[in-house]
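Structure at a glance
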Amino acid sequence: MSNDPNVDIRHVDAEEWHSLSVLLHGYAFGESPTAPDQSDSWREGEKYREDNTRLAAFVKGEPAAAVVGMPMRQNLRGLVVPMLGVSGVATHPAARRQGHVRKLLTQLHGELRDSGHVTSTLYPFSESFYERFGYVGFPKARSIRLRTDGLQPLLKRELPGEITFHRIGAAFDEYYAATELLLGERHGFGRRGRKSAQQLGDDDKEWLVFARHEGEVVGVFRYRTLGHGATIAGREFLYRTPVGRALLLQWLARHLEFDSFTFTLPPDDRPDVWYTDLAYADETRIQAPSMSAPMGRVLSVPGLSGMSAGSASITVKIDDDPFVGGTWTLSGTGGVLDVKEGGTPSAQLTSHGLAALVYGVLDPVDLPLRGYGEVSNEAAATLRTLFPAATPFLFEQF
Ligand SMILES: CC(C)(COP(=O)(O)OP(=O)(O)OC[C@H]1O[C@@H](n2cnc3c(N)ncnc32)[C@H](O)[C@@H]1OP(=O)(O)O)[C@@H](O)C(=O)NCCC(=O)NCCS
């Protein structure tokens, strides 16, 4: 795909990926030179990722740059669509700023769009870098440290339902099924495939509790204990109903010998109103390159058909984007989005502008201020009805 005869861009298999990854990803993301035991554990991990699309650029036969596409699914305002998770973006220091990653990412997006992926998400080392590729920023999931104080009254509260306690390895199938329910219910929720997710169960390094009510899993929490008097280090505090949340909190209240509990919450959750006298600190940090909020973009406009939408219709022109460029008429009919090509445009959007509206993260009047389009007040009112504000919660980390 490259015009330079010295540069070869091609797919690589898991074994070749492993050897170039030790060089490129070890250098970019790890402590390097990579130790042999680390390299062995990476090779072991690759067996869970058979479905990945691995693309690399070679200069005169030597690995220069790589990107990987992970097939996932994502909830877009109630519609679950195939989503590309972009990861492993790295160029050898000697080959940087020569356009390798631009070519690799463009090819990856194109191939995965052609195989049916409607959206793409990633965790950026720099937002402005991926803004060049049409991505818009999401709000970041909240990192909460909940104090033990204040939880005691919950111990005496009679709650419907029950908690069951497991090691993740023994209950992985049920855990995966519970996250599938959340995928169907929560806007922005991204989920990797079963095989890729299975590594968590096989590693078996976490406790898992389910909140159960009326025959359904209504809350899920994974964690490790870090020692007496220390912290319970949790992952995402996931619940589907208020009963699920109360049951999980009551479980935490049985751990008053710990100092605090840490976990992640969707950006719009409000522990301040969960219960009387709760005390917590919000430890959310946004700091490039390793503590960034995720970003997302749309790869296929027709693929948005079927997501929920308000009752309005508008034609938009999207410039300068190889995947979503064109003129599109977007109509919310019966609560569902219908997409048709063509029409007379009354607003102009960039790829970011479209993604910001679809994910619900920016108001239409923000778009001109960010350089994401030209939108009159009248068009903004229509777009606001069609795509009401929403808060995506990506969940998957990759
Ligand atoms: C970031 C990185 C992948 C860029 O790779 P690269 O092959 O040098 O990128 P390219 O030459 O294809 O540059 C693509 C575009 O980004 C710009 N760019 C490159 N590096 C950049 C940087 N560090 N910050 C901001 N913009 C950058 C280029 O100017 C170019 O812009 P243009 O195409 O609009 O002119 C590479 O520097 C790297 O491996 N960094 C360390 C690992 C890392 O952080 N990876 C990203 C993980 S999310």
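About the cut-offs
Residues numbered from 1 in each chain as written. Predicted model: local features only at pLDDT ≥ 70, side-chain atom pairs only at ≥ 80, totals over all residues. Heavy atoms only, no water. Core = buried A, V, L, I, M, F, W, Y, C linked by side-chain atoms within 4.5 Å. Buried < 20%, exposed > 50% of the residue type's maximum accessible area, 1.4 Å probe, protein only. Contact = heavy atoms within 4.5 Å. Helix = DSSP H or I, 4+ residues; strand = E, 2+ residues; numbered from the N terminus. Pairing = 2+ DSSP bridges. Axes fitted to C-alpha atoms, helices over the stretch in contact; angles between N-to-C directions. Near = heavy atom within 4 Å. Polar contact = N/O pair within 3.5 Å; in protein donor to acceptor, adjacent residues only side chain to side chain. Areas by Shrake-Rupley, 256 points an atom, 1.4 Å probe, with all protein chains shown as cover. Nonpolar A, V, L, I, M, F, W, Y, C, P; charged D, E, K, R; others polar. Domains from an automatic or database assignment. Buried area = accessible area lost by both parts, 1.4 Å probe. Salt bridge = Lys/Arg side-chain N within 4 Å of Asp/Glu carboxyl O.

For the chain, the name recorded in an unreviewed UniProt entry is Enhanced intracellular survival protein Eis, with Tenggerimyces flavus as its organism.

Quick word on the nonpolar core
Counting residues in hydrophobic clusters, the biggest one holds 36 residues, and the most contacted among them are Leu304, Val316, Leu330, Leu337 and Phe387. Apart from the residues lying within four places of it in its own chain, the contact partners of Leu337 are Leu304, Ser305, Gly306, Met307, Ala309, Leu330, Ser331, Leu386 and Phe387. Leu154, Val209, Tyr223 and Phe237 belong to the second largest nonpolar core, which has 23 residues in total.

So, helix α9 (residues 351–359)
With 9 of 9 residues buried, α9 is to be regarded as a mostly interior element. Along α9, the residues classified as buried are Ser351, His352, Gly353, Leu354, Ala355, Ala356, Leu357, Val358 and Tyr359. At the exit of α9 stands Gly360, carrying a positive phi of roughly 85°.

A few points about the sheet that holds strand β20 (residues 373–374)
Across the sheet, which stays open at both edges, the 5 strands sit in the order β18-β17-β16-β19-β20 with mixed pairing between neighbours. Looking at strand neighbours, the two that pair on one side only are β18 (336–341) and β20, the edges of this open sheet. Bridge analysis of strand β19 (residues 347–349) against β20 gives 2 bridges, and the strand direction is antiparallel. Residue pairing across strands places Leu349 opposite Gly373, the latter belonging to β20. Helix α11 (residues 377–386) contacts β16 (313–318), β17 (326–333), β18 and β19 of the sheet and is inclined by roughly 105° relative to β16.

A closer look at the site of the ligand
Close to the ligand lie 17 residues; Val89, Thr91, Arg97, Gly99 and Arg102 are nearest. Contact distances for the ligand include 3.3 Å between an oxygen atom and a backbone N or O atom of Gln98. Taken by itself the ligand offers 900 Å² of open surface, and the protein chains cover 76% of this. Among the elements of the structure, α1 (14–29), β4 (79–91), α3 (100–114) and α4 (127–131) are those that each provide at least two residues to the shell around the ligand. In terms of residue class, the shell around the ligand is made up of 9 nonpolar, 4 polar and 4 charged.

Examining the domain arrangement of the chain
Its domain assignment divides the chain into domain 1 (7–117), domain 2 (142–282) and domain 3 (301–386). Counting from both sides, the interface comprises 15 residues of domain 1 and, opposite them, 18 residues of domain 2. For the pair domain 1 and domain 2, the summed buried surface comes to about 1300 Å²; carbon and sulfur atoms form 45% of the total. Remark: the boundary between domain 1 and domain 2 carries 2 salt bridges. In this structure, Glu50 engages Lys195 in a salt bridge whose closest nitrogen and oxygen atoms are separated by 3.4 Å. Looking at the side of domain 1 that touches domain 2, the elements with two or more residues in it are β3 (62–76) and β4.

Overview of the sheet that holds strand β8 (residues 162–167)
Whether parallel or antiparallel, the strands of a sheet pair through hydrogen bonds between backbone atoms. Taken together, the 7 strands give an open sheet; going across it, the order is β8-β10-β11-β12-β13-β7-β14, and neighbouring strands pair in mixed fashion. Edge positions in the sheet fall to β8 and β14 (280–282), since each has one partner strand and no second. The sheet shows a mean angle of 25° between the axes of neighbouring strands, taken without regard to direction. Two elements, strand β7 (residues 142–147) and β14, share 3 bridges in a ladder whose sense is antiparallel. Of the residues in β14, the one forming a bridge with Arg145 is Ala281. Each of β10 (207–213), β11 (216–225) and β12 (231–239) touches helix α6 (residues 172–185); the most contacted strand, β11, lies at about 120° to it.

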